[in-house]
Amino acid sequence: MAERTDSRIWVQRGLFVLLAFVLIVVDLVPLDMRPSLWVSPDLLLAATLVWVARQPSYIPVIVVALLFLMTDFLFMRPPGLWAALVVILTELIRRQHREFRNMPLLVEWGTIAFGVVVITVVNRITLAIVMSPQAPLGLTLIEMMATILVYPVVVLVAHFVFGVTRTSPGEIGSRGQVL
Amino acid sequence: MARDKNSEDFIGPIRKLLVGVLVLALVGLFLVWRIDSPRVERLRAAAIDAVVPSFDWAMAPITGAANMISDFQSYQQLRAQNQDLRRELQQMKAWKEAALQLEQENAKLLDLNNVSLDPQLTVVTGVVITDSGSPFRQSVLVNVGARDGIIDGWPTMDAIGLVGRIAGVGQNTSRVMLLTDTSSRIPVTIQPSGQKAILAGDNSLNPPLEFLEDTALVRPGDRVVSSGDGGVFPADLLVGQVALGTDDRLRVRLAADYQRLEFLRVMRSQPHEEIADPDGLLAPEAEFFGPAGINPASLTTSERGDG
């Protein structure tokens, strides 16, 4: 029993890394080099937040850091800043995930939306302070809104496709400990 | 990680410390990037160089599926497309005739004038591997790099027009900053008026022209070519056509097909030869005008007159 639970966590971790890899590759595929007027949501960020809010044990903090540092490098963003902000946000959510269990989805969604807005604003302010070139404000806002709006969809997909669900109260871990 | 409450109390502070160190390291990397950008950008180029070419197998199915969908869409409009193409072909035949005559005439005139066009302009062709992955940066990665002798700043074209310039070279890959990127600035000339301007990318498909001296001389439809100012680009690479934007600014409709960039030609542009000693070349010799100097030309004629 214990071994099965442990191996399930490792399988889920591998699954998340695989999902992240697919999302990154889809972003990188060169289909149309015309600048777009609209922006698709940052699915990688949404997925990471869903996973951390629901089952934080599936993505260790080092995975979050390495993943977002890699996307910083690949997507030509200033390296390190966005990754650091996402790590801080996921750590705050990770600490709160026990409270999320008893809350309706709307509260969880609101909290995470607030977090996304805050890291986006902090990112822009930091870049303005160090006088580094910035992405257009309109596009950034659209991306932020899209990421927030797509969150419940990602929750559903995570629930039904990847089996990432909230731990129900009273569930115990592999060694009989309280989760 | 599954652990009970007691052990969590024990692990908590250590974990917090490690997370703090992690965040500090990331912020530190950002600060180093801000202070010494070229070094970190080289690191970025090396990282992309190592990672991206191995994505190829993962991208092939996605590209294939997307191509299939676009092919399917074009099947639906097959009839209309066919008619359009036929009409276009008729027009093109007339153009082809005109082009052939002009080519012959041009060759003759060039021969008469004994013009030598820049013979050093050769190309390296590369395949586009990925785009920038972010809607905010307009750049693509091509599969030629330092190994193929690519150097930062070289212009890049597709079959017809200028696409961008090399910005960042790895061992096997290099990044092409497109003309549409917000940090792209290219000196251009507008034909036939010969006005100089700067083509400034602004993340839109038709970049605006800036620093135009006299907008009255420029009309929509005029050809825009690179001007070679500043020694960055060779002159006379086709960029596109002038068009009047909806915001009443003069913009450029790019000649390159940005919808499908697949093969890019990197032009090996050689640096200009510097004329280091302009006095010796252009100005008259110093003793010519000096009070003590004797004009050698008049000297010889006077001697000849004597003799």
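Residues numbered from 1 in each chain as written. Chains lettered and ligands numbered in written order. Predicted model: local features only at pLDDT ≥ 70, side-chain atom pairs only at ≥ 80, totals over all residues.

### Re the interface of chain A and chain B
Next, step 1: At the junction of the two partners, chain A supplies 42 residues and chain B supplies 45 residues.
Next, step 2: Listed by contribution, the elements that provide at least two residues to the side of chain A that touches chain B are helix H1 (2-28), helix H3 (61-74) and helix H4 (81-100) of chain A.
Next, step 3: The element best represented in the side of chain A that touches chain B is H4(A), accounting for six residues.
Next, step 4: Classifying every residue of the side of chain A that touches chain B by side-chain character gives 29 nonpolar, seven polar and six charged. (Contact = placed C-beta atoms within 7 Å. Helix = DSSP H or I, 4+ residues; strand = E, 2+ residues; numbered from the N terminus. Nonpolar A, V, L, I, M, F, W, Y, C, P; charged D, E, K, R; others polar.)

### A word on the confidence of the model for chain A
Next, step 1: Residues of chain A with pLDDT of at least 70 account for 91%, and the chain-wide mean is 86.
Next, step 2: At the level of individual helices and strands, chain A shows its lowest average pLDDT in H1(A), which scores 82, and its highest in helix H5 (residues 105-129) of chain A, which scores 93. (pLDDT = per-residue confidence, 0-100.)

### Section: the sheet that holds strand S6 (residues 185-191) of chain B
Next, step 1: With antiparallel pairing, six strands are arranged side by side in an open sheet as S8-S7-S6-S9-S10-S11 (chain B). Pairing within the sheet leaves two strands with one partner each, and these edge strands are strand S8 (209-210) and strand S11 (250-254) of chain B. (Pairing = 2+ DSSP bridges.)

### Concerning the packing of helix H2 (residues 43-54) of chain A against helix H6 (residues 137-160) of chain A
Between two packed helices, the angle of one axis relative to the other and the distance separating the axes together describe the packing.
Residues and elements named next belong to chain A.
Next, step 1: Direction vectors running N to C along H2 and H6 enclose 55 degrees, while the axes themselves pass 9 Å from each other. By the angle between their directions, the pair H2 and H6 is classed as oblique. The two elements H2 and H6 meet at a crossing, and its hand is right-handed. For the pair H2 and H6, contact is made by Leu43, Leu45, Ala46, Ala47, Leu49, Val50, Trp51 and Arg54 and by Thr147, Val150, Tyr151, Val154, Val155 and Ala158, respectively.
Next, step 2: The residue inventory of the contact of H2 with H6, partitioned by class, reads 12 nonpolar, one polar and one charged. (Axes fitted to C-alpha atoms, helices over the stretch in contact; angles between N-to-C directions. Parallel < 35°, antiparallel > 145°, perpendicular 65-115°, else oblique. Left-handed = near helix turned anticlockwise from the far one by under 90°.)

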